[in-house]
Amino acid sequence: MDEQPRLMHSHGVGMARHPGMAQNMQDGTGGTDGDGRKQDIGDILQQIMTITDQSLDEAQARKHALNCHRMKPALFNVLCDIKEKTVLSIRGTQEDDAPDAQLMRLDNMLLAEGVSGPEKGGGSAAAAAAAAAAGGGVGQDNSTEHSDYRAKLTQIRGIYHTELEKYEQACNEFTTHVMNLLREQSRTRPISPKEIERMVGIIHRKFSSIQMQLKQSTCEAVMILRSRFLDARRKRRNFNKQATEILNEYFYSHLSNPYPSEEAKEELGKKCSITVSQVHYAATVSNWFGNKRIRYKKNIGKFQEEANMYAAKTAVSATNVSAHGSQANSPSTPNSYGTKSVLLMLVWLHGIPN
DNA sequence: CCCCATGATTCATG
DNA sequence: CATGAATCATGGGG
């Protein structure tokens, strides 16, 4: 069957004669062997027309006979020509890429969510938001919610990729199958390579629409996952009493300079066992201190009582509070307000003094 | 219900 | 990038 293209090609030059031939067939004034040829072609056409009425074996034999007929290539080309002019022109090239925009959107989203992107890089915005310091930072035992999210996302990615691959493979298989079929059939039916090509295009479009469905549902899954995990992060959960206790203790015992270092934040977070809805201890602690500073500054009077309470507390509990020494300028007794710490406090309360 | 304390987010700044 | 400031959104208490 693969001799077909070669045959057609070698005879392709003769295509220009077709109209003449057709004319000859009609008026029958073709010369000495005109009648014979006409008869010949009539026979062939008749055989083709009735080929479906025959038994399978008969048809097979007839097919072979036809295929070996000397007129076959020319006739094939003529029929292809006719078919092209009638059938194919009807559904011309209407291959518009209308849903391309949506496909792009889906692709972008999948990429952004880290589903279709680099394998485990986590370079996506969302994954980064979820994973916080996953890339370079310390391992940080994150909240269970977070690892849950990651696990689910990985699962989705796995499914997505296997499905995609499956579709890809099925598409290829189906395409080769159809191509083989059409090539085989082109021995007896006027199917030009161009038409096969077109058919392949149709198949591919069909499969990519299936792919788009897959992408769509994957996107949906990711969206649901997001709303279940990431957006829950936005919900505020109040710390328990102990946590605020610890944080306040630190805050008021470092009132002169309440800017915990990164390590201090980490440690505070751990001590408070902040597992509530946040990825990173330090981030939550930073939030807390940020809010605390600004709210304290805004209305010192309101916090006075609290401040006194914690001052008393630390004064009793520790004689040497600055054990951690994270604050280089912190005096040994933070709440005694030495001149140094007063200056420091003025700085963070009111900015750099003149 | 409303109110407000409060954790989180956003945006500007330097 | 850390902080300040404003703002959002929620949970708990009246």
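Under the annotation held in an unreviewed UniProt entry, chain A carries the name Pre-B-cell leukemia homeobox 1a and is attributed to Oncorhynchus mykiss. Checking UniProt for chain A, the heading Sequence similarities (unreviewed entry) contains the comment "Belongs to the TALE/PBX homeobox family."

(A) Molecular detail of the nonpolar core. Ranked by internal contacts, the top residues of the largest apolar core, which has 20 residues, are Phe 251, Tyr 252, Phe 289 and Tyr 296. When contributions to this core are tallied by element, the ones reaching two or more residues are helix H10 (241-253), helix H11 (262-272), helix H12 (281-298), helix H13 (300-317) and helix H14 (339-350). In terms of residues, this core owes the most to one element, H10, which gives 6 residues. Residue contacts for Tyr 296: discarding those within four places in its chain leaves Phe 251, Tyr 252, Leu 255, Phe 303, Trp 348 and Leu 349. Judged by nonpolar contacts, the second largest core, of 12 residues, contains Tyr 160, Met 212, Val 222 and Leu 225.

(B) A look at the protein's contact with DNA strand C. In the vicinity of DNA strand C, 8 residues are found, and the nearest of them are Arg 236, Tyr 259, Arg 293, Ile 294 and Lys 297. The sugar-phosphate backbone supplies 62% of the atoms of DNA strand C found within 4 Å of the protein. In the environment of DNA strand C, a phosphate oxygen lies 3.5 Å from a nitrogen or oxygen atom belonging to the side chain of Lys 265. Contact distances for DNA strand C include 3.3 Å between a phosphate oxygen and a side-chain N or O atom of Lys 297. A per-element tally of the surface near DNA strand C places H12 first, with 4 residues.

(C) Representation of the pattern of salt bridges in the model. Summed over the entire model, instances satisfying the criterion amount to 4 salt bridges. Here Asp 107 makes a salt bridge to Lys 215, at a shortest N to O gap of 2.9 Å. Of this pair, Asp 107 sits in helix H6 (residues 100-112) while Lys 215 is found in helix H9 (residues 193-229), placing the two residues 108 residues apart along the sequence. Taking the relative accessible area as the measure of exposure, Asp 107 reaches 29% and is therefore partly exposed. Here Glu 306 and Lys 292 are joined by a salt bridge, their closest N and O atoms 2.7 Å apart. Of this pair, Glu 306 sits in helix H13 while Lys 292 sits in helix H12, and the two are 14 residues apart along the sequence. Residue classification places Lys 292 among the buried positions, given a relative accessible area of 9%.

Criteria and cut-off values
- Residues numbered from 1 in each chain as written.
- Chains lettered and ligands numbered in written order.
- Predicted model: local features only at pLDDT ≥ 70, side-chain atom pairs only at ≥ 80, totals over all residues.
- Heavy atoms only, no water.
- UniProt positions renumbered as here; feature names shortened; annotations may be inferred.
- Core = buried A, V, L, I, M, F, W, Y, C linked by side-chain atoms within 4.5 Å.
- Buried < 20%, exposed > 50% of the residue type's maximum accessible area, 1.4 Å probe, protein only.
- Helix = DSSP H or I, 4+ residues; strand = E, 2+ residues; numbered from the N terminus.
- Contact = heavy atoms within 4.5 Å.
- Near = heavy atom within 4 Å.
- Polar contact = N/O pair within 3.5 Å; in protein donor to acceptor, adjacent residues only side chain to side chain.
- Salt bridge = Lys/Arg side-chain N within 4 Å of Asp/Glu carboxyl O.

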